[in-house]
Amino acid sequence: MSEHHRPTPDTLPQAAPAPEAPSNATVAARAFVGKIMQRCAEDRGARAALRSGLGKPPDRVPRMHRIVGPLLPDWVIQQEDVQRHYYAVASMIALLPSDQLATARKRCDDQGLYGTSLGATLAKAVAQGTRKGIRQSAAEARITLLTKQSVEGLHRHLPSTVRQLQNAEVDIDYARLLTELRQWQRHRGGVTRRWLQDFYRARFADERQAAQQADDHTSPTPVPGT
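Parameters at a glance
- Residues numbered from 1 in each chain as written.
- Predicted model: local features only at pLDDT ≥ 70, side-chain atom pairs only at ≥ 80, totals over all residues.
- Heavy atoms only, no water.
- Helix = DSSP H or I, 4+ residues; strand = E, 2+ residues; numbered from the N terminus.
- Buried < 20%, exposed > 50% of the residue type's maximum accessible area, 1.4 Å probe, protein only.
- Contact = heavy atoms within 4.5 Å.
- Axes fitted to C-alpha atoms, helices over the stretch in contact; angles between N-to-C directions.
- Parallel < 35°, antiparallel > 145°, perpendicular 65-115°, else oblique.
- Left-handed = near helix turned anticlockwise from the far one by under 90°.
- Nonpolar A, V, L, I, M, F, W, Y, C, P; charged D, E, K, R; others polar.
- Salt bridge = Lys/Arg side-chain N within 4 Å of Asp/Glu carboxyl O.
- Arc of directions from axis to C-beta.

**As for the overall build of the chain**
Scanning the chain from N- to C-terminus turns up 10 helices and 0 strands. Starting at the N terminus and walking to the C terminus, you meet the elements of the chain as α-α-α-α-α-α-α-α-α-α. Relative to its full complement of 226 residues, the chain shows a buried share of 39%. Counted over contacts in the chain with a minimum sequence separation of 6, partners at least 24 positions apart contribute 72%.

This is how it looks when you write it as structure tokens:
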């Protein structure tokens, strides 16, 4: 081949880039979560199949494919690393007791577009008190652990956090969680910053409100005419 016709790097066939998430990826996540909740509510066998994949990658969850596969957006099918997040969230939704599932379905429809972060959800669990909720120190330790994880570590530790929140009967925004799992690889710093900010802002607001209420109860009653 002559130098004139020798292929250059610019003319060689290039591998197609991985498809990017569409601008309405959060809307798609809400639709996916809603459909998974519906299947879990209507089909106990589907719930059992989804639970069987808890903490496992998609290659090891054959029972999940008939449920999750048809619900995956086309762009997700082309990205195996993204698929894992969808499977993980579906398996965690399936852990919900039936009574919580009915409530979660309604709240899923009512959530704003961006919804509530895991940090704010943990703060809400703390605010419920130790009888039903999660201790402040335990929640802090949990969120600190999660924010230090790689994608693999996050998938390993997240199910136990979700179980804690479900046991505390605190509503989890699974669609926002799915969106942030997808962002973890490239934007972990931003996601963890929002989780920590939301957690401590909510806890500070709760503590400030409790202090204000205590002051109101202990303030001396004004004497008329003084």
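**Quick look at helix α7 (residues 118-127)**
In terms of burial, α7 is largely enclosed, as 7 of its 10 residues are buried. Of the positions making up α7, those classed as buried are Leu-118, Gly-119, Thr-121, Leu-122, Ala-123, Ala-125 and Val-126.

**Observations regarding the packing of α7 against helix α8 (residues 136-147)**
Where α7 meets α8, the axes come as close as 9 Å, and the angle between the chain directions of the two elements is 165 degrees. Accordingly, the angle class assigned to the pair α7 and α8 is roughly antiparallel. Of the two elements, α7 crosses α8, and the hand of that crossing is right-handed. Of the residues in α8, those touching α7 at Leu-118, Gly-119, Leu-122 and Val-126 are Gln-136, Ala-139, Ile-143 and Leu-146. In the contact of α7 with α8, the residues fall into 6 nonpolar, 2 polar and no charged.

**Here we look at the pattern of salt bridges**
What the rule picks out here adds up to 6 salt bridges. Measuring nitrogen to oxygen at the nearest pair gives 2.9 Å for the salt bridge that ties Arg-84 to Glu-152. Of the two residues, Arg-84 sits in helix α5 (residues 80-93) while Glu-152 sits in helix α9 (residues 151-167), which places them 68 residues apart along the sequence. The salt bridge partner of Glu-180 is Arg-176, with a shortest N-O separation of 3.0 Å.

**Section: unusual backbone geometry**
For Glu-169, which is not glycine, the phi dihedral falls at a positive 60 degrees. Following the sequence through the fold, Glu-169 ends up in the loop between α9 and α10 (174-218).

**Focus on helix α2 (residues 44-51)**
Every buried residue belonging to α2 is among Ala-46, Arg-47, Ala-49 and Leu-50, and all of these are buried. Along the long axis of α2, the arc covered by the buried residues comes to 165 degrees, so they all point the same way.

This is a description of form; function is not addressed.
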